[in-house]
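Structural overview
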Amino acid sequence: KAGVTQTPRYLIKTRGQQVTLSCSPISGHRSVSWYQQTPGQGLQFLFEYFSETQRNKGNFPGRFSGRQFSNSRSEMNVSTLELGDSALYLCASSLGDLPNQPQHFGDGTRLSIL
Amino acid sequence: DQQVKQNSPSLSVQEGRISILNCDYTNSMFDYFLWYKKYPAEGPTFLISISSIKDKNEDGRFTVFLNKSAKHLSLHIVPSQPGDSAVYFCAAKNEKLTFGTGTRLTIIP
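Model, not experiment: these values are computed from the prediction.

Conventions and cut-offs
- Residues numbered from 1 in each chain as written.
- Chains lettered and ligands numbered in written order.
- Predicted model: local features only at pLDDT ≥ 70, side-chain atom pairs only at ≥ 80, totals over all residues.
- Heavy atoms only, no water.
- Pairing = 2+ DSSP bridges.
- Helix = DSSP H or I, 4+ residues; strand = E, 2+ residues; numbered from the N terminus.
- Salt bridge = Lys/Arg side-chain N within 4 Å of Asp/Glu carboxyl O.
- Buried < 20%, exposed > 50% of the residue type's maximum accessible area, 1.4 Å probe, protein only.
- Axes fitted to C-alpha atoms, helices over the stretch in contact; angles between N-to-C directions.

**Observations concerning the sheet that holds strand 1 (residues 4-5) of chain B**
All names here are of chain B.
- Pairing within the open sheet is antiparallel, and its 5 strands lie in the order 1-3-8-7-6. Each edge of the sheet is formed by a strand with only one pairing partner; in this case those strands are strand 1 and strand 6 (56-59).
- With 2 bridges joining them, strand 1 and strand 3 (residues 19-25) adopt antiparallel strand pairing. If you follow Lys5 over to strand 3, its bridge partner there is Asp24.

**Quick notes on the pattern of salt bridges**
Residue and element names in this part refer to chain A.
- The tally for this structure, following the rule as stated, stands at 7 salt bridges over all chains.
- For Arg55, the salt bridge identified is with Glu48, shortest N-O distance 2.7 Å.
- On the basis of relative accessibility, which here comes to 40%, the residue Arg55 falls in the partly exposed class.
- The partner of Asp85 in a salt bridge is Arg63, and the shortest N-O contact between them spans 2.8 Å.

**Observations concerning the pairing of strand 11 (residues 109-113) of chain A**
All names here are of chain A.
- Alternating residues of strand 11 divide into Thr109, Leu111 and Ile113, all buried, and Arg110 and Ser112, none buried.
- Relative to strand 11, strand 2 (residues 10-13) is paired through 4 bridges, and the arrangement is parallel. Counterpart to Tyr10 in the pairing with strand 11 is Arg110.
- One ladder, built from 3 bridges, connects strand 9 (residues 87-94) with strand 11; its direction is antiparallel. Pairing of Leu88 across the sheet is with Arg110, part of strand 11.

**Details of the sheet that holds strand 7 (residues 64-68) of chain A**
Residues and elements named next belong to chain A.
- Strand order in the open sheet formed by 4 strands is 1-3-8-7, and the pairing between neighbours is antiparallel. The open sheet is flanked by strand 1 (5-7) and strand 7, the only strands paired with a single partner. Averaged over all pairs of adjacent strands, the angle between strand axes in this sheet comes to 20°, irrespective of strand direction.
- Where strand 7 meets strand 8 (residues 74-78), 5 bridges bridge the pair, whose relative direction is antiparallel. Bridging from a neighbouring strand, Gln68 pairs with Ser74 of strand 8.

The structure is reproduced here in structure tokens:
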């Protein structure tokens, strides 16, 4: 069974640009969550999508947005990039239909802002 | 506001001995707890979980203990193996998953 796939693995952008990251969940999983991992802050929750609707949202500015398609694939967009946005962005999927189900992570997209 | 805390950034254990990783939380609304393992350049891998209605869950070499009154969670690995060397994250769920900052476990051969 294929795992969670994130593309691209690495990305370099400059301040002020925007970026789109992609996540394909495990087949049959309808919930996709996004996290930002930085050395000082650990994994911080960005948002969760379930059946194309945002179900939960973390404490990030509006520059961070996402969406989910009918095939459960998800994209995350960051506009007006700042140096502090340099991080590993992780996507996780789960079945999502019951409350306590483990999330399974992809290997992340490493975003570097110059 | 760090609602999930892993106070030991690193831990070294001899191969074959028990590794005990600890995690404390502050939010009594958390109802589901998980442990993840992370190798460099890979995403976190789910290890084991426990519901708040239980106090222990075991899966092979891994056992998670939950003490709700103390708001404390621990992961026991017995016996420890070199392949267990990784960063371990505990996580707690209410509506969303909140992670601790991780503990780097090194197993000494």
